[in-house]
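# Chains, contacts and geometry: an overview
What follows is each chain in one-letter form.
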Amino acid sequence: MNQAHEAVQVAAQKMNQRYRLGYHIMAPAQWINDPNGLIQYKGEYHAFYQHHPYDENWGPMHWGHVKSKDLVHWEHLPIALTPGNDYDKDGCFSGSAVDDNGQLTLIYTGHIYIDKKADTFYQTQNIAVSQDGVNFTKVVENAVIPKPPADSSHHFRDPKVWKHENHWYMILGNSTKDLVGRVILYRSTDLRQWEYIGVLAQSDGSLGFMWECPDFFELDGKHILLFSPQGMEKQDDLYNNLFQTGYLVGDYHYDTNHFTQTSSFTELDNGHDFYAAQTFLDEQGRRIAIGWMDMWESNMPTKADGWCGALTLPRVLTLSNDHKLLMNPVEELKALRNAEHQILRNRSVATNYLVPTNEELLEIKAVFDLRNEQAVCLKIRGIHEEETVLTYDYTTKKLTLDCSKSGKAEDGIRTTTLHVENELVLQLFIDRSSIEVFANNGHATMTSRIYPTEERLGFEVTTDANVKELTYWTLNDIW
Ligand code: FRU
C-alpha cells in the first residue's frame, strides 16, 4: 500500500459520518472533484476521480479509483495515479481511459507550477498503463504532448480519447492566447505520437474563457460536444452556478474534421451541483454520463467532517426528437430498492398529503395529471423548519428546486423550464446530503447537495391535481 492510500485510510477513521452518502461514489475520505477515466473494461465498470488524499481541500491531484460489476455497488481500489514526475509534478489532472488492445490506458494532464503563488503553470498530456486494471505505470514516452499549439493559452487540459477506425482521437479543453474558450483536436495511431489537427469548436465570445473537461461522441445520428465552460454570465434562470456543464449538438465528419453546430449551448443539468461531467459507452451500447456533484467555490460543509466531494448517479443519455440531451438514471439502480411503498394511485390529495418517514435514503416516483393546469409541490421535510422544495407551475412551465432551507441559505433556488402537456413525472433520488431530480423522463434534471441538520419528518405533496401515482422506496446503503 502506498503512502497516499494509508493517509486516506487514517483520515477515514476520523470522519464525521452525518453527511456521508449512501449510494454515490465518494473517496473513503478527503477531497474529490471531477470524474475521470470512465470505462467498462473486461466487463467491469471503472471510475476514477480527482482526489487529494492528504486533505479535505483541493491540492496536488491524484486519481482515486473505484470499480463495479453493476454500476450500483462500488469497491474502492488503490490510488491509481500519484503526481511527482517532472511532467506531472504538481498534479495528475483530469482525463480519460481507453482499452488499448486489452491494456487499460489512462490519458491525463500533468500540471506543473511555474510560480504557485502567482498561479502560473503549464500543462502536459501523459499516459499510464495497466495490465490488471489496478496498478498503473506511467509510460517512458511521457509527456506524450509536452506543450499546446502556438496560438494557445496555458490552459491545456482534460484529454478525452476515443478510437475511430484506425486512429485514436483526443480532444482537450483549451483557450486562445486572449482567453477565448475552445476545444482542440489531436490524432494518433499508437497513443504515444500525436498530430495536432486543429480547433474543433470555439466560443463566439459568449461561452467563457476556458472550456474544461470536453467530451465528444455520436448519439442517435448527431455529434454531441459536451464541455464545462468557465466564465459565462448569468442570464435569468440560465448559468446560475459559478461554472456550467453543457453541450452543443451538431454534425461531424472525420474526413474533414469539421464540426458544424446545429443547436446553441444548453446546460445538461439545472441544479446547483453538477460539473465536469464525462461519458462512456458501455458494452450494451449505452452512453452513460457521470458528473461531479459539487461546484467550485461553493459552501462545502462536509470539509468540517473530513471529506468533500462525490459523483452523481450514472445516467443514460439519449437525444430527444428536438435534439435535447435527456438524462435518466441507469436501470440497474433499482437494485438499491428495499420495500416498495405505494402511497397513492389516481387520487386527489385535496391540497396536501404527508408521507411520514425518517429514512434518509429514498427514491420517490410521483406522477401528476396536469390537464387542468395545476401546480405541484413536493417537499422533503425535516422535523422542524427544514425542507427541500420542488415545485412545478403549469402556467409558467417552471420547475423550481429550493434548497434555501436545507443548507443553501445564500443561493438556494434553481429554476428551469419544462414543457408539460398532460403529465408531470418526477423521479427523485434523495441521499443524506444530495437530491437528484429527473423530470419527465430526463427532459429536466436538477442535482444539488443539501445539508439538513434535523431528523427527517418525511415528504409532503401539495396539489389539487389528480395524483396518478405516488410511490417510494427506501434505498440501501452500499458503503
Ligand atoms: C475541472 C478541473 C479540470 C482540471 C481538474 C483539476 O473541475 O478544473 O479542468 O483538470 O479540475 O482538479
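This text follows the structure it describes.
Calculation notes
The residue numbers shown here count from 1 along each chain, following its written sequence. pLDDT decides what is reported in this predicted model: residues at 70 or higher carry local features, side-chain atom pairs at 80 or more are listed and counted, and totals for whole chains, interfaces and linings draw on all residues regardless. Side-chain metrics in this entry use all non-hydrogen atoms of the structure; hydrogen atoms and water are not considered. Helix and strand assignments follow DSSP, with helices taken as H or I runs no shorter than four residues and strands as E runs no shorter than two, numbered in order from the N terminus. Within 3.5 Å is the distance limit for a polar contact, defined as a pair of N or O atoms, with the added protein rule that one can donate a hydrogen and the other accept it, and that residues adjacent in sequence qualify only through two side-chain atoms. We call two residues in contact when some of their heavy atoms are within 4.5 Å. For Phe, Tyr and Trp, rings pair up if their centres lie within 6.5 Å, where Trp contributes its six-membered ring, and each pair is then called stacked (planes under 30 degrees apart), edge-to-face (over 60) or tilted (otherwise). Residue burial is assigned from relative accessible area. The probe radius is 1.4 Å, only protein chains are included, and a residue is buried under 20% of its type maximum, exposed over 50%, and partly exposed in between. Summary of the distance rule: residues count as near a molecule or strand when at least one heavy atom falls within 4 Å of that molecule or strand. Surface exposure here means Shrake-Rupley accessible area, sampled with a 1.4 Å probe, where a residue is shielded only by the protein chains that are shown. Put simply, Ala, Val, Leu, Ile, Met, Phe, Trp, Tyr, Cys and Pro go in the nonpolar bin, Asp, Glu, Lys and Arg in the charged bin, and everything else, Gly too, in the polar bin. Strand pairing is assigned whenever DSSP identifies at least 2 bridges connecting the two strands. The axes used here are C-alpha line fits, helices contributing only the stretch in contact, and every angle between their N-to-C directions lies in the interval 0 to 180 degrees.

### Thoughts on the side chain of Ser130
If you trace the backbone, Ser130 turns up in strand S7 (residues 120-130). Only 3.0 Å separates the side chain of Ser130 from the side chain of Asp132, close enough to count as a polar contact. Setting aside residues up to four positions removed in sequence, Ser130 forms contacts with Tyr41, Gln103, Leu104, Asn135 and Phe136.

### A look at the packing of aromatic side chains
Applying the stated criterion to the full structure yields 24 aromatic pairs. Arranged with centres 5.9 Å apart and planes meeting at 70 degrees, the rings of Tyr45 and Phe280 form a pair that is edge-to-face. Separated by 235 residues along the polypeptide, Tyr45 in strand S2 (residues 44-52) and Phe280 in strand S18 (residues 275-281) bring together distant segments of the chain. Given the relative accessible area of 4%, Tyr45 is considered buried.

### A few points about the site of the ligand
In the neighbourhood of the ligand, 13 residues make up the surrounding shell, with Asp34, Gln50, Arg157, Asp158 and Glu212 lying closest. One of the side-chain N or O atoms of Asn33 is found 3.0 Å from an oxygen atom in the ligand. Between the ligand and the protein, one listed contact pairs an oxygen atom with a side-chain N or O atom of Arg157 at 2.8 Å. Surface burial for the ligand is 95%, taken as the share of its 320 Å² of free accessible area covered by protein chains. At the level of secondary structure, the elements contributing two or more residues to the shell around the ligand comprise strand S1 (30-41), strand S5 (92-100), strand S9 (152-164) and strand S13 (210-219). Looking at side-chain class alone, the shell around the ligand contains six nonpolar, three polar and four charged residues.

### Concerning the environment of Val367
Its place among the elements puts Val367 in strand S25 (residues 362-369). As for Val367 and Leu426, which are separated by 59 residues in sequence, their C-alpha atoms are 6.3 Å apart. With near-sequence residues (within four places) excluded, Val367 lies in contact with Glu423, Leu424, Val425, Asn466, Val467, Lys468 and Glu469.

### With respect to the sheet that holds strand S21 (residues 315-319)
With respect to topology, four strands assemble into an open sheet ordered S18-S19-S21-S22, the strand pairing being antiparallel. The open sheet has two edge strands, S18 and strand S22 (325-329), and neither has a second partner. The mean angle between the axes of side-by-side strands here comes to 35 degrees, regardless of whether they run parallel or antiparallel.

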